[in-house]
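Chain residues, written in single-letter form:
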Amino acid sequence: DACMRHEDTEHPDHDKSGQPKRRTVYDQHGTAHILTSMLGEGGQGIVCTTERPNVLVKVQRQRLDPRALRERVRQINALLNLELDSLHIARPQALIERPVPGYVMELMDGLEPLQKMLEASHRALVEGDGLSGYVATGGLRRRLALLHELARTLASLHARGLAYGDLSPANVFVSQSVGHHQLWLIDCDNLCVSERTGHSHVHTPGYGAPEVVRGESGVNSLSDAWAFAVIAFELLTHAHPFKGMQVED
């Protein structure tokens, strides 16, 4: 599990009994957070559950050089002060300082990644059960309601002059119950006020706009719109708009 292996090279991955070793990270207040399992993975880091209910931790994939680390800390500290209370976005609560940079966030019970819903629906189709998985995960009505919630959240974010940056089904959390369409965005450390340049072309493969993937542009509201359109196409049709066997091979 990637959460158990986040660059902590001072200790083995398993204890003396052969069980996977749980990692501990520490926030700016000295609070210890024990990582229990990987919940999601984006273009820049890994989101893990912890032993505390509703408390998640995002950690970097790898160690950063001093300059990149300072920029990362500055970025997360800026997010701590953003006014996002009215938006369904799991904002950072505290900075993780060691052994790798990251942050703590809170997320309500009863939510799961949209990716899980997509996989369950697609698996039924592949296994010959037709659209049973599509119906079991809420059918067309629920999918349109979820897309409406996602579009509304992004529109509110863009109206504040912000872009989300790394939109993918792994970063969109939805109600586990098919009778509801609650939706929250996590992994918001990629939020930015203006188009980013240089090394800031963070994206999840398959959801990055062409200009971001090619390094010609930083993320912005238009690259968010691209990622939203890909997610909408995928959610409604069981297919990615550009990925076929030729791409996957």
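Draft legend 1. Molecular detail of the side chain of E234. Its place among the elements puts E234 in helix 6 (residues 221-237). With near-sequence residues (within four places) excluded, E234 lies in contact with L118, P169, Y207, A239 and H240.

Draft legend 2. Structural detail: the layout of surface pockets. Considered as a void within the structure, the second largest pocket measures approximately 290 Å³ in volume. If you go around the second largest pocket, you meet 13 residues; those closest to its centre are H122, E234, H238, A239 and H240. Residue contributions to the lining of the second largest pocket peak at four residues, all from helix 2 (residues 114-126).

Draft legend 3. Seen up close, the pairing of strand 3 (residues 45-50). Counting buried positions along strand 3 yields six of six residues, so the element is predominantly enclosed. The alternating pattern of strand 3 places G45, V47 and T49 and I46, C48 and T50 on opposite faces, both of which are buried. Pairing of strand 2 (residues 32-41) with strand 3 involves five bridges; the strand directions are antiparallel. Residue pairing for strand 3: G40 is matched across the bridge by V47. Where strand 3 meets strand 4 (residues 55-60), five bridges bridge the pair, whose relative direction is antiparallel. Its bridge partner being in strand 4, V47 is matched across the sheet by K58.

Draft legend 4. Representation of a nonpolar patch on the surface within the structure. Residues L125, L131 and V135 make up a contiguous nonpolar surface patch of roughly 280 Å² in combined accessible area. Note on V135: relative accessible area 60%, which makes it exposed.

The rules we used
Residues numbered from 1 in each chain as written. Predicted model: local features only at pLDDT ≥ 70, side-chain atom pairs only at ≥ 80, totals over all residues. Heavy atoms only, no water. Helix = DSSP H or I, 4+ residues; strand = E, 2+ residues; numbered from the N terminus. Contact = heavy atoms within 4.5 Å. 1 Å grid on protein atoms, 1.4 Å probe; cavity = no way out; pocket = protein on both sides within 12 Å on 5 of 7 lines; lining within 4 Å. Points joined across faces, edges and corners; volume = space filled by probe spheres on them. Buried < 20%, exposed > 50% of the residue type's maximum accessible area, 1.4 Å probe, protein only. Pairing = 2+ DSSP bridges. Patch = residues over 30% accessible without salt bridge, like charges linked within 9 Å, V, L, I, M, F, W, Y side chains within 5 Å. Areas by Shrake-Rupley, 256 points an atom, 1.4 Å probe, with all protein chains shown as cover. Salt bridge = Lys/Arg side-chain N within 4 Å of Asp/Glu carboxyl O.

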